[in-house]
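Chain residues, written in single-letter form:
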Amino acid sequence: MQMTMRWFGTGYDLVTLEQIRQIPGVTGVVTALYGVPVGEVWEKEAIRALKQQVEAAGLTVAGIESLGIHDTIKIGSPERERYIGNYIESLKHLGEADIHLVCYNFMPVFDWTRSDLAKLRSDGATAMSYDQRLIDQTNPQDLAEAMKRQSNGYTLAGWEPERMKNIQKLLETYQGIDEDALFSNLAYFLERIMPVCEQYHIKTAIHPDDPPWPVFNLPRIITGKENLLRFIKLVDNPLNGVTLCTGSLGANPANDIPDIIRALRGRIHFAHIRNLRHNGPGDFEECAHFSQDGSMDMFKIMKTLYTTGFDGPIRPDHGRAIWGEIAMPGYGLYDRALGASYLNGLLEAVEKQGAQKGVS
Ligand SMILES: [Mn+2]
């Protein structure tokens, strides 16, 4: 496994590559061209410059997070052809730049959703949280406004103000799109991109829906074991894989993460590892990565990834805001650095324990 951090790029991320380089054991970043609107082509020159910048700092580009999917592709409207063409072009440029992992998600309208981006916890830290009762009391427009207000001035991936301006229109275009339609539009897209993925050996890794249930009546399909298995069979190509995000899947306590890891053996191409605390049905808050701070057994998760042979990039996921840091919600330096170190510690224990087992 390669320990990485998400990095949003100069001008978008206050955390620097030099800071990331000093986190023990972190050797790469997953990144993106944030300035390019979703749906447009990622040009060769811009990809090359990004890669050079990362490598000059002593890190590698372990993958792309994310190459966004235009809404027309999710909706399946005729305009999707142009955007699928653009996506293929971007993949080709990434392949030519020797980048072989692309993360994306297939959530209608909204990316990840939270009811509070700075919930105060008992130790004075703040963290992102979700309470279905609060979401039920609001509407998409007000939620987009609230997310923007709490964003500390950063553009949140998936909540770009220019997209959110047209939210009502966007919601209308999804009318009539149910789970099956979304699955079938996803299959159409994947079949179209697989040849270029094969040509450049690019692994694609769909990110689970967050939270993994419908929000504002919009369907969500990447939600748990059954749907993940349906997903990998949609296009049964080893390059068509999954980003195992423990925080997204784990928001539903019925999702048994180690069981899902075993079920997806060989098809997990990227892993986001974080913990969260369940407070009640549809009510959770993010917490430290440390097992005891939340509801998940992080040792068991790391051990299962290891024993099932997962060997891709891994990263700590959302962190809390601690030590007075003002950052993009979830993406400050301090708590993610603690997370990376904790996960590296677990991994060292798993590896050494395994080695002892092997000789005894
Ligand atoms: Mn994630």
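The shown structure was predicted, so the numbers you read here are calculated from the model rather than taken from an experiment.

Caption draft 1: Summary view of the pairing of strand β9 (residues 268-273). With 6 of its 6 residues buried, β9 lies for the most part within the structure. The pairing of strand β8 (residues 240-245) with β9 spans 4 bridges and is parallel. Considered in β9, the bridge of V242 is made with I268. Bridge analysis of β9 against strand β12 (residues 313-316) gives 3 bridges, and the strand direction is parallel. Paired with A271 across the bridge in β12 is I314.

Caption draft 2: Structural view of the sheet that holds strand β3 (residues 60-65). One closed barrel holds the 8 strands; their spatial order is β1-β2-β3-β4-β7-β8-β9-β12, and the pairing between them is parallel. Strand-to-strand, the axes of this sheet are offset by a mean angle of 30°, without reference to chain direction. Here 4 bridges tie strand β2 (residues 26-31) to β3, and the two strands are oriented parallel to one another. Each bridged residue has a counterpart across the sheet, and for T31 the counterpart in β3 is I64.

Caption draft 3: Looking closely at helix α9 (residues 179-200). Its 22 residues give α9 an end-to-end C-alpha distance of 31 Å, which sits within 8% of 32 Å, the value for a rise of 1.5 Å per residue. Along its length, α9 shows its largest kink, about 35°, at I193, and proline P195 lies within four residues downstream of that point. Residues L182, N185, L186, F189, I193 and C197 constitute the buried set of α9. Check the buried side of α9 and you find it contacts α3 (71-75), α4 (80-96), β7 (203-207) and α10 (225-234). The first or second residue beyond α9 is H201, which carries a positive phi of 50°.

Caption draft 4: Spotlight on the sheet that holds strand β5 (residues 116-120). Reading across from one edge, β5-β6-β11-β10 is the order of the 4 strands in this open sheet, with antiparallel pairing throughout. The open sheet has two edge strands, β5 and β10 (276-280), and neither has a second partner. Strand-to-strand twist in this sheet, taken as the mean axis angle between neighbours without regard to direction, amounts to 35°. Sheet topology note: the β10/strand β11 (residues 283-286) ladder contains 4 bridges and is antiparallel. The partner of R277 across the bridge, within β11, is E285.

Thresholds, definitions, all that
- Residues numbered from 1 in each chain as written.
- Predicted model: local features only at pLDDT ≥ 70, side-chain atom pairs only at ≥ 80, totals over all residues.
- Buried ≥ 20, exposed ≤ 12 C-beta atoms within 10 Å, placed from the backbone.
- Helix = DSSP H or I, 4+ residues; strand = E, 2+ residues; numbered from the N terminus.
- Pairing = 2+ DSSP bridges.
- Axes fitted to C-alpha atoms, helices over the stretch in contact; angles between N-to-C directions.
- Expected span 1.5 Å × (residues − 1).
- Bend = angle between axes of the 7 residues up to and from the residue.
- Contact = placed C-beta atoms within 7 Å.

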